[in-house]
Amino acid sequence: MREYMNGRIAVTQGDITTFQVDAIVNAANKSLLGGGGVDGAIHRAAGPELKEECRKLGGCETGQAKITKGYRLPAKHVIHTVGPVWHGGDRDEERLLAECYKNSLQLAVDNGLKTVAFPSISTGAYGFPIEKAAPIAIGTVKEFLENHPEIEKVYFVTFSDRDLEVYLRTADRILSG
Ligand code: APR
């Protein structure tokens, strides 16, 4: 784990379902009814009550975020956000990805949460190139934290070795200035 911004941002590698934070963020789809990847892992770890609560949320638009309880997860809440599917970059994907991070953190602030863990949204099944996604993720969170002291810590939880390497290189460039 490497830390930045006086320890308010951490880049690490692991399974986000094991993080004991106020909220972990789920890279969901518009139905919010589960899927593969990190979405599948979170629903498996949280148990069936998560989907029951999600059913009542009426779905979620790309770039938006909705919050539920964490149930069997060590995290108190799950913030579900729907990342953009990458279509080459001319369909507003970069702005929508930034919106995912911003709206997830705004939801954390609105609910009095202080610690949040993000997976690398959209860079798996949704095909967003990690080299483009990492600076958007880190830059958006940096700006949000500069304006919201109430958020104490944000973890970027990468899964693969390559993703970790890209996030660390990007964080060193953006956050160690
Ligand atoms: N912990 C942390 N990160 C994880 C985990 C995990 N347990 N499992 C997977 N990841 C990582 C992937 O390696 C990838 O870097 O999460 C990142 C996001 O990949 P996806 O889960 O495929 O999410 P995304 O690209 O946003 O696609 C979302 O996939 O699972 C479906 O229902 C989901 O339709 C939605 C789509």
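What counts and how
Residues numbered from 1 in each chain as written. Predicted model: local features only at pLDDT ≥ 70, side-chain atom pairs only at ≥ 80, totals over all residues. Heavy atoms only, no water. Buried < 20%, exposed > 50% of the residue type's maximum accessible area, 1.4 Å probe, protein only. Helix = DSSP H or I, 4+ residues; strand = E, 2+ residues; numbered from the N terminus. Pairing = 2+ DSSP bridges. Near = heavy atom within 4 Å. Polar contact = N/O pair within 3.5 Å; in protein donor to acceptor, adjacent residues only side chain to side chain. Nonpolar A, V, L, I, M, F, W, Y, C, P; charged D, E, K, R; others polar.

Peer 1: I'd like to hear about the pairing of strand β7 (residues 153-158), residue by residue, with values.
Peer 2: For β7, the buried fraction is high: 6 of the 6 residues fall into the buried class. Examined bridge by bridge, strand β2 (residues 9-13) and β7 share 5 bridges and lie parallel to one another. Each bridged residue has a counterpart across the sheet, and for Ala-10 the counterpart in β7 is Tyr-155. Bridge count for strand β6 (residues 115-118) against β7 is 4 bridges, and the pairing is parallel. For Val-116, the partnering residue across the bridge sits in β7 and is Val-154.

Peer 1: Tell me about the site of the ligand, and name the residues and values.
Peer 2: In the vicinity of the ligand there are 21 residues, among which Asn-29, Gly-36, Val-38, Asp-39 and Gly-124 approach most closely. Here Asn-29 contributes a side-chain N or O atom positioned 2.8 Å from an oxygen atom of the ligand. Between the ligand and Asp-163 there is a distance of 3.1 Å, counted from an oxygen atom to a side-chain nitrogen or oxygen. Ranked by residues supplied to the shell around the ligand, first place goes to helix α1 (residues 37-46) with 4 residues. When the residues that make up the shell around the ligand are grouped by side-chain class, the tally is 8 nonpolar, 10 polar and 3 charged.

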